[in-house]
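Chain by chain, the residues run as shown.
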Amino acid sequence: MMIKHPFPHLSQVDREWIENKYHKVDEEFDPFRRMAYHGYEYDAATGMTDEEINHGLATLANELRDQPRPLIKASMVAYVLDHTRIDVNAHDDFVGIYSWGRLIDPYTVDPWYQEIRESVAAELGNRYYTELEEAGLGWIRLDFDHAVPDWDSLAALGFPGLLARLEASYRAKKESGTLTEKQEIFYQATHLEYEAILRLLSRMHRYASRQPFARAGRVAQSLANLLAGAPQTTHDMLQLMYLYFMISECVGHYQVRSLGYGLDGTLYPFFKRDLENGRATREELTALIACFLLQFSAMGNYWGQPFYLGGTGADGRTKVNELSHLILQIYDALGLYNPKIQIKVSKTTPRDFLNKALAMVKGGSTSIVFCNEEVIVKAMMSGGATYEEACDAVVKGCYEYAVKADSIPISYNMINALKPIVLVFHNGRDPRTGLMLGCETGDVTSFIDFAQFYNAYRAQLACVIDKTMVWVERLERHVHEVNPALFYSGTVPRCVESLTDAMDGGVHNVTDMWFSGFGSAVDALMAVYELVFEKGVTTLAALKEALDRNWEGYEPLRLRALACRHKYGRGDSMADAYACALHRFFSSRFAGKKNCHGGNIEYELHSARAYLAMGDATEATPDGRRTGEETSKNASPSNGADSAGVTALIRSATSLDLSLADSGACLDCMLHPSALQGEGGLDVLYGVLRTYHDRGGASIHFNIFSADMLRDAQQHPEKYQALQVRVCGWNVLWNNLEKREQDAFIKRAEGIAP
Amino acid sequence: MKTATIFEIKRFAVHDGDGIRTTVFFKGCPLRCRWCHNPEGIGREAQLAFYAHKCISCGECLPACENGAHGMQEGMHVFDRGACVACGACADHCLGNALTFFGKTVTISELMPLLLEDTDFYHTSGGGVTLSGGECLIQADFCAALLRELKHEGIHTAVDTCGFVSRTALNKVIPYTDIFLYDLKAYDEDVHIACTGQSNKIILENLTYLDACGKQIEIRIPYVPGYNADQMEKMATFLASLQQISRVRVLPYHNYAGSKYEALGMQSTLPADLPTDEEIRAAEECLRAHGLRV
């Protein structure tokens, strides 16, 4: 999985040991199977096997079935923490939790989610929830995948301090006589989890103290400090971050986003103090940070763990510090692609720091994302954030930004912008499922001009969004019943103060609306315009026939569609204008609207892996795409549409006001290695980045490939063990991609001129 | 001169001077370099290239041609170059990108908006606009007018020239050119004639003249085994005597242009031997040894 760059601060044996911690490296690994693996076996005397824990959980579930759900979940989490095998070894600065496979899910989130879905289906009298996804029109999902805890509270209080703060809040409520039953349950459940965490720490501390090797002594000390209160050293803070991550993500079913509020920000006070006190040398801290980053790289989950580096404070000063530089150096030296570094770029970003990151991109470190701080601030403030909150924005997903300690997404829903084109051709009925998933817009063959087609598309799109939102709203009413966010809420001052679960209004509950297939939708509209109404080379009836036949027997027409002049991504005025209109259409459906919890509904021009799944289920479209082919992703054009080069690509993307995408948008930029050769190569890369940001671009990431190199990599995977590519919101090793994904990359690289 | 004949506008050109640039390629060249990688730039007249391997025999070009240059035989497209008048009408209709038209006539007012589109990229990367070819200074009046407009807009300008042009032509563009990308193929006249068909006397004189004018100059030396490989020492000595050479680039000869000759119906003159990395390194070392920046 990992790349074997030599790294003087950490021995090769240690690195291999850490790699084996999460999965056996000599066995096949699937990055898409969440936490499904075990690496080396832990000391059997330290706890139960997963099977034994499962058995215990089943019994517990039976005993607790009449209890409120927060208490059931907390008891289950506590059971896992009390019984999981643990590890401390001579090769690692961090502890091990063996049962990291979300063992509580079958007794909690899974049945509770299913129950809510069924009840909403009964209430609404439809199953749009599943039909939408089957048709490739989108998906509706409650969100337990994008939570950023309050790292400030964690750093300032540690686990015991968080528990004490919770108890103090409870006492105050009780004494004032205002405590409600719901608050009592929240308190009891959260208390249960935090107590279990402290018991786990004690267990780990005792175990570490018994080990004979020196490293265990250091681990024991970090655990002793965490048991006593707030973290004191860099090691303590990293250990705490790691423990929070493992317990929340791998036991409690809340994906943890953002390692710290900027790893360089949260960690820096500890780092500085350690150096000043002479508690650790720079080399020791380097090794420690490397060991920490390697944990995430070794897990190898495809979605990765993002964190910001840099940024600008509300005082206008850069947040880049010596630790920011060091983290980049370690990342580079280890050849990592996960966790994912996102650099907040603004005019205050030191050029040497930016140049180092750009040089890493040039050298193949394609996982680095460059975010435009100005756009982040603009987007967040239009959602109601203060300037300070916007400056302190945290990354909650692949690119998404959020207010720290005051917001959590409760659902993330996808709309495939391309599929409603298919609905237009079928008067609202989805040809795949045979269901009426859109609305009646009339017989397409009778349309007399492009305006009629365009308006029908907008009507279908609006209909799909509206139907989706009905379901989203109903599901969101129950989100806190599906997966109480106790551990998370315990970190957040507002939740603790009000003794309210974050997912139940403890903080702002945000609805995220993602938009996939954006570029493809624009191209499909433009192809109808050009082929039918501008040039008249076909009719809507003939085009419908061609699409229904998946272009079979219509190859010349398909080639004409592919050769259409107006496409998004090549600086074409007309296509870009329609792209702007579509972008605004989507944004305006949600702008200023609130969900049932009073939180914002945020729009994001980000597709995650939906460009594949939605493409799979989308029939042939007028842009020349065949049935099942992938759609465009993020704010990027469809494959091959950006034929006018990178400057035109950026002109197109920035013709959209990307700050309208409330929680983010990303452009994928592929460059040929020869474009960046030589000493001027960095200036070129800087020019592309700077211009994109100056023009109002949001996030951007780069893939530096030639088609020849990728073809060779496909044929000789053994030669390219370290080749990493930015897929969408994450990086993967080339060799972990499916062949069709590799083919799509090669096709895209073929369009990049040397 | 109100119009010019060009064969390409290349955006994100990163090898024609510093930074991100847009390069305009002018048609027509007085030299006949054996290794020419832009054969579509040699002739002043318009040309149609037909890449047979890309043709999908869709037949779209047939109705677009008034002269019957395109036909179909047994479902396969056939191209009669003799009947082609290189009007370019068919190229817009080609679905397989097999037909490319070289020789568009443009005016300055048509070109300027296109060249200004990437202005912010030029500024952030230290780039600008480069005029190249062919030999752009064959159309010196147009180039001078275009460069003047570009300077008026604050754009950095580069002129890529083979130097085999009149002093009058050169003088026209000097005031509006920030840097000359000056090609040097050989120092010895006989070698130069063998390589390009022309003497290099004017070329060396023009280079000395530009140097005396204080213009910034980047020298570009194509390295072609069997042709000019033994000229490095002499060229380096000559260049070291000049004052304004900001750097010298050795361009390894490549034969990627082979398919272009065929597509244009031209006789390929491309040499067979390619330089090795060691040869290129040695050539660069030779230049460095004379104090030149490579």
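A quick note: this is a predicted structure, and the numbers were derived from the prediction, not measured.

Draft legend 1. Spotlight on the domain arrangement of chain A. Residues and elements named next belong to chain A. Structurally, chain A comprises domain 1 (41–124 + 150–255), domain 2 (408–666) and domain 3 (705–754). Distance between the C-alpha centres of domain 1 and domain 2: 39 Å. Tallying the contact residues gives 39 residues for domain 1 and 30 residues for domain 2. Linking domain 1 with domain 2 are two salt bridges, by the criterion used here. One salt bridge connects E123 with R474, and the closest N-O pair in it is separated by 2.5 Å. Across the domain 1-domain 2 interface, the total number found is 17 residue pairs in polar contact (both at pLDDT 80 or more). If you list the elements that add at least two residues to the side of domain 1 that touches domain 2, you get helix 3 (69–83), helix 4 (109–124), helix 6 (151–176), helix 7 (181–210) and helix 9 (234–251). Of the residues belonging to the side of domain 1 that touches domain 2, the class tally is 23 nonpolar, seven polar and nine charged.

Draft legend 2. Spatial organisation of the interface of chain A and chain B. On the chain B side, the residues contacting the 24 residues of chain A number 18 residues. Here chain A meets chain B over a buried area of about 1700 Å², counting both sides, of which 62% is carbon and sulfur. In terms of surface lost to chain B, no three residues of chain A exceed T647(A), R651(A) and V684(A), which account for 26% of the buried area on that side. The interface formed by chain A and chain B contains six salt bridges. Two residues, E679(A) and R293(B), come together in a salt bridge whose shortest N-O distance is 2.8 Å. Taken together, the links from chain A to chain B amount to ten residue pairs in polar contact (both at pLDDT 80 or more). Going through the elements one at a time, helix 23 (555–562), helix 26 (646–653) and helix 27 (681–694) of chain A are the ones with two or more residues in the side of chain A that touches chain B.

Draft legend 3. A look at the layout of surface pockets. Residues and elements named next belong to chain A. Size it by volume and the second largest pocket reaches roughly 730 Å³. At the level of secondary structure, the elements contributing two or more residues to the lining of the second largest pocket comprise helix 4, helix 5 (128–134) and helix 25 (610–616). A per-element tally of the lining of the second largest pocket places helix 25 first, with five residues. A class-by-class count of the residues in the lining of the second largest pocket yields 19 nonpolar, five polar and 13 charged.

Draft legend 4. How the structure looks around the sheet that holds strand 9 (residues 407–416) of chain A. Residue and element names in this part refer to chain A. Taken together, the four strands give an open sheet; going across it, the order is 3-9-10-11, and neighbouring strands pair in mixed fashion. The sheet terminates laterally at strand 3 (138–139) and strand 11 (601–604), the two strands that pair on one side only. Bridge analysis of strand 9 against strand 10 (residues 508–516) gives nine bridges, and the strand direction is parallel. Paired with I408 across the two strands is N509, which belongs to strand 10.

Draft legend 5. Structural context of the sheet that holds strand 13 (residues 699–704) of chain A. Residues and elements named next belong to chain A. Judged by pairing direction, the sheet is mixed, and its five strands sit side by side in the order 4-5-6-13-12 without closing on themselves. Looking along the sheet, the strands with just one partner apiece sit at the ends: strand 4 (306–310) and strand 12 (666–671). The mean inter-strand angle of the sheet, taken between neighbouring strand axes irrespective of direction, is 30°. In this structure, strand 12 lies alongside strand 13, joined through six bridges in parallel fashion. Looking at the pairing, C666 lines up with S699 of strand 13. Docked against the sheet, helix 12 (residues 322–334) engages strand 4 and strand 5 (340–345), running at close to 145° with respect to strand 5.

Rules used in this analysis
- Residues numbered from 1 in each chain as written.
- Chains lettered and ligands numbered in written order.
- Predicted model: local features only at pLDDT ≥ 70, side-chain atom pairs only at ≥ 80, totals over all residues.
- Heavy atoms only, no water.
- Domains from an automatic or database assignment.
- Contact = heavy atoms within 4.5 Å.
- Salt bridge = Lys/Arg side-chain N within 4 Å of Asp/Glu carboxyl O.
- Polar contact = N/O pair within 3.5 Å; in protein donor to acceptor, adjacent residues only side chain to side chain.
- Helix = DSSP H or I, 4+ residues; strand = E, 2+ residues; numbered from the N terminus.
- Nonpolar A, V, L, I, M, F, W, Y, C, P; charged D, E, K, R; others polar.
- Buried area = accessible area lost by both parts, 1.4 Å probe.
- 1 Å grid on protein atoms, 1.4 Å probe; cavity = no way out; pocket = protein on both sides within 12 Å on 5 of 7 lines; lining within 4 Å.
- Points joined across faces, edges and corners; volume = space filled by probe spheres on them.
- Pairing = 2+ DSSP bridges.
- Axes fitted to C-alpha atoms, helices over the stretch in contact; angles between N-to-C directions.

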